[in-house]
Amino acid sequence: MRILQLINRVPWPLTDGGAIGYYNAIKGYHDAGCDVTVLALNTTKHYVEIIPNELLSIATWHTLDIDNRVKVLPALLNLLQSSSYHVNRFISEACELKLKELLQQQTFDVIVFESLFMMPYLGLVRSNSKAICVLRQYNVEHVIWNKLAQSETNIFKKWYLKILAKRLFHFEQSVINQVDVLTTLSEDDAKQLFEIGCGKAIHISPLGITVPEMNSASQTNGIFHLGSMDWQPNIEAMEWFVQQVWPQLEKVHPNITFYMAGKNMPSHFKQYESNRLKVIGSVEDAVAFMQSKQIMIVPLFSGSGIRVKILEGMALGKAIISSSLGAQGIDCENGKNILIANTADEFCQCIGQLLNNPVLCESLGKQARKLVSEKYSNTKITADVLRFYKQQLTQKGN
């Protein structure tokens, strides 16, 4: 199968869920014997100077530099328009020219739009290719921004976020029926797309994970959060945790240490740092970092899709405490392979439960690893989605 993936960033380094999700999809196709070509925007935010061999070995790469930073004047001028500023930042004339060249030179069976933000190029694809067009929704974007607007207390910011969310909603609603099929990470996301009028077939395709070798050494009383700290839901989650949970937690468990890690850590988190609260920022080796700690926390209250870091933590046999939303889309069971907490008191109780019960901590980790091995291996996930693509190609007569 000849697959072209259109991606809104170069997925490297593999330090955040977005990069890991894109990389695992590409590698899964490659390992299954597909001929994979990738056209990726090399954004200022995630700029990669040299494409590493790890990427070059699994696909043919075409990258185009784009400055998609949020700029005050264009953002304000966009208020006079009806288009989505989020989406506009990923439109590039150079990308259009390169994409047209690729489509005229090669024939593809499937073209995957990896995220909503590559959908402005759909018209060009339709004009130059008969391939099956797939929109892969890693998140239902307007839902995220609606929740951020709801939780914002600043009146001006709340008003502006509502506008952004509304425009994202209209764009999302307008494009979901223009592709041939969609894939989502969870049934919840598929349901939300159906609710806003999606009439196309949707295949549930969770993120695939490679299950690594176990390393049993971990720090007793070490709890951690690891996630991209330039993503608003993670910022919101950590502000809530350090303000609402941490003060009462360290009173009851004075020997506990909390490690907050993730790339692009906002500077204001440094004000919370102490001997027992470590603000680390980026880590060179995410797997080694997670293996060295005992308990993982994911107190997310906005966002959609599947949290890659939860699946990675499960694959490493970590005991995980998550909000209901954070665990959304993962076929986990509270008390068996994860603990669910939705309030400050519940997070404190769950953390204390694990600290006082090493047997439970170990059992949760083992069951979590088993779940990932059985349901979320990259090989299985890729095989399922390729079967779906082949069915669509047969129906279309390609």
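This report concerns the structure included in the present document. This structure is a prediction, so every number in the text was calculated from the model and none was measured.

What follows concerns the overall build of the chain. A count of helices and strands for the chain gives 15 helices and 13 strands. Relative to the 2.2 N^0.38 estimate, which gives 21 Å for 398 residues, the radius of gyration of the chain is 21 Å and therefore close to what a compact globule would have. Considered along the principal axes of its C-alpha atoms, the chain spans approximately 65 × 50 × 40 Å. Within the chain, the proportion of its 398 residues that are buried is 55%. Restricting to contacts in the chain with at least 6 residues of sequence separation, those with at least 24 account for 67%. With the model as given, the accessible surface of the chain reaches about 17,300 Å², and the carbon-plus-sulfur share is 50%. Mean positive and mean negative side-chain charge positions of the chain (38 and 36 charges, respectively) differ by 2 Å.

Looking now at unusual backbone geometry. Residue proline 13 is reached from tryptophan 12 by a cis peptide bond, and omega for that bond is -5°. Within the secondary structure, proline 13 is located in the loop between β1 (2-7) and α1 (17-31). Phi at serine 115 is positive, roughly 110°, even though this residue is not glycine. Counting through the fold element by element, serine 115 comes out in the loop between β4 (110-114) and α6 (122-128).

Here we come to a nonpolar patch on the surface. On the surface, Leu73, Leu77 and Leu80 cluster together to form a nonpolar patch covering roughly 350 Å² of accessible area. Within the secondary structure layout, leucine 73 lies in helix α3 (residues 72-77). Accessibility expressed as a relative area gives 56% for leucine 73, which makes it exposed.

Looking now at the sheet that holds strand β6 (residues 181-184). Strand order in the open sheet formed by 7 strands is β3-β2-β1-β4-β5-β6-β7, and the pairing between neighbours is parallel. Pairing within the sheet leaves two strands with one partner each, and these edge strands are β3 (60-66) and β7 (201-204). Neighbour to neighbour, the strand axes of the sheet diverge by 20° on average, direction disregarded. Of the pairings in the sheet, the one linking β1 to β4 comprises 5 bridges and is parallel in character. For glutamine 5, the partnering residue across the bridge sits in β4 and is valine 112. Each of β5 (132-137), β6 and β7 is contacted by helix α9 (residues 187-195), which is oriented at about 165° to β7, the strand it contacts most.

A word on the environment of glutamine 291. Along the chain, glutamine 291 falls in helix α11 (residues 286-291). Residue classification places glutamine 291 among the buried positions, given a relative accessible area of 11%.

With that out of the way, let us pick up the packing of aromatic side chains. Using the criterion set out here, one finds 12 aromatic pairs in the structure. Measuring from ring centre to ring centre gives 6.4 Å for phenylalanine 241 and phenylalanine 347, while their planes differ by 80°; the resulting arrangement is edge-to-face. You can see phenylalanine 241 sitting in helix α10 (residues 232-252) and its partner phenylalanine 347 sitting in helix α13 (residues 344-356), a full 106 residues away along the chain. The burial state of phenylalanine 241 is the same as that of phenylalanine 347; both residues are buried. Taken together, Trp240, Phe241, Trp246, Phe258, Phe301 and Phe347 form an aromatic cluster joined through their ring pairs. For the cation-ring pair, arginine 89 lies above tyrosine 85, with the distance from its terminal atom to the ring centre recorded as 5.8 Å. Between the NZ or CZ atom of lysine 293 and the centre of the ring of tyrosine 259, over which it lies, the distance is 4.6 Å.

Glancing now at the sheet that holds strand β9 (residues 257-261). Taken in spatial order, the 6 strands line up as β10-β9-β8-β11-β12-β13 in an open sheet, and their pairing is parallel. Each having just a single partner strand, β10 (277-281) and β13 (339-340) make up the two edges of the open sheet. Pairing of β9 with β10 involves 4 bridges; the strand directions are parallel. Its bridge partner lying in β10, alanine 261 is registered against glycine 281. The strands touched by α10 are β8 (222-226), β9, β10 and β11 (295-298); relative to β9, the strand with the most contacts, the crossing angle is about 170°.

Before going further, it helps to spend a moment on the pairing of β5. Of all 6 residues making up β5, 6 are buried, and the element is well covered by its neighbours. Burial along β5 is two-sided: the residues Ile132, Val134 and Arg136 and Cys133, Leu135 and Gln137 are all buried. The pairing of β4 with β5 spans 5 bridges and is parallel. Considered in β5, the bridge of valine 110 is made with isoleucine 132. In this view, the connection linking β4 to its parallel neighbour β5 by way of α6 has right-handed handedness.

Let us look at empty space enclosed by the protein. Within this structure, the stated rule accounts for 1 cavity of 30 Å³ or more. Its boundaries defined by the atoms lining it, the largest cavity holds a volume of some 100 Å³. With 5 residues, helix α15 (residues 378-396) is the single largest residue contributor to the lining of the largest cavity.

Time to look at the nonpolar core. Counting residues in hydrophobic clusters, the biggest one holds 59 residues, and the most contacted among them are Tyr29, Met314 and Tyr389. A per-element tally of this core places α1 first, with 6 residues. Residues Leu64, Cys95, Val140 and Ile176 belong to the second largest nonpolar core, which totals 38 residues.

Conventions we followed
Residues numbered from 1 in each chain as written. Predicted model: local features only at pLDDT ≥ 70, side-chain atom pairs only at ≥ 80, totals over all residues. Heavy atoms only, no water. Helix = DSSP H or I, 4+ residues; strand = E, 2+ residues; numbered from the N terminus. Rg over C-alpha atoms; globule rule 2.2 N^0.38 Å. Buried < 20%, exposed > 50% of the residue type's maximum accessible area, 1.4 Å probe, protein only. Contact = heavy atoms within 4.5 Å. Areas by Shrake-Rupley, 256 points an atom, 1.4 Å probe, with all protein chains shown as cover. Lys, Arg positive; Asp, Glu negative; His and termini not counted. Charge placed at Lys NZ, Arg CZ, Asp CG, Glu CD. Patch = residues over 30% accessible without salt bridge, like charges linked within 9 Å, V, L, I, M, F, W, Y side chains within 5 Å. Salt bridge = Lys/Arg side-chain N within 4 Å of Asp/Glu carboxyl O. Pairing = 2+ DSSP bridges. Axes fitted to C-alpha atoms, helices over the stretch in contact; angles between N-to-C directions. Phe/Tyr/Trp six-rings, centres within 6.5 Å; stacked < 30°, edge-to-face > 60°. Lys NZ or Arg CZ within 6 Å of the ring centre and 35° of its normal. Right-handed = clockwise from strand over helix to strand, strands pointing away. 1 Å grid on protein atoms, 1.4 Å probe; cavity = no way out; pocket = protein on both sides within 12 Å on 5 of 7 lines; lining within 4 Å. Points joined across faces, edges and corners; volume = space filled by probe spheres on them. Core = buried A, V, L, I, M, F, W, Y, C linked by side-chain atoms within 4.5 Å.

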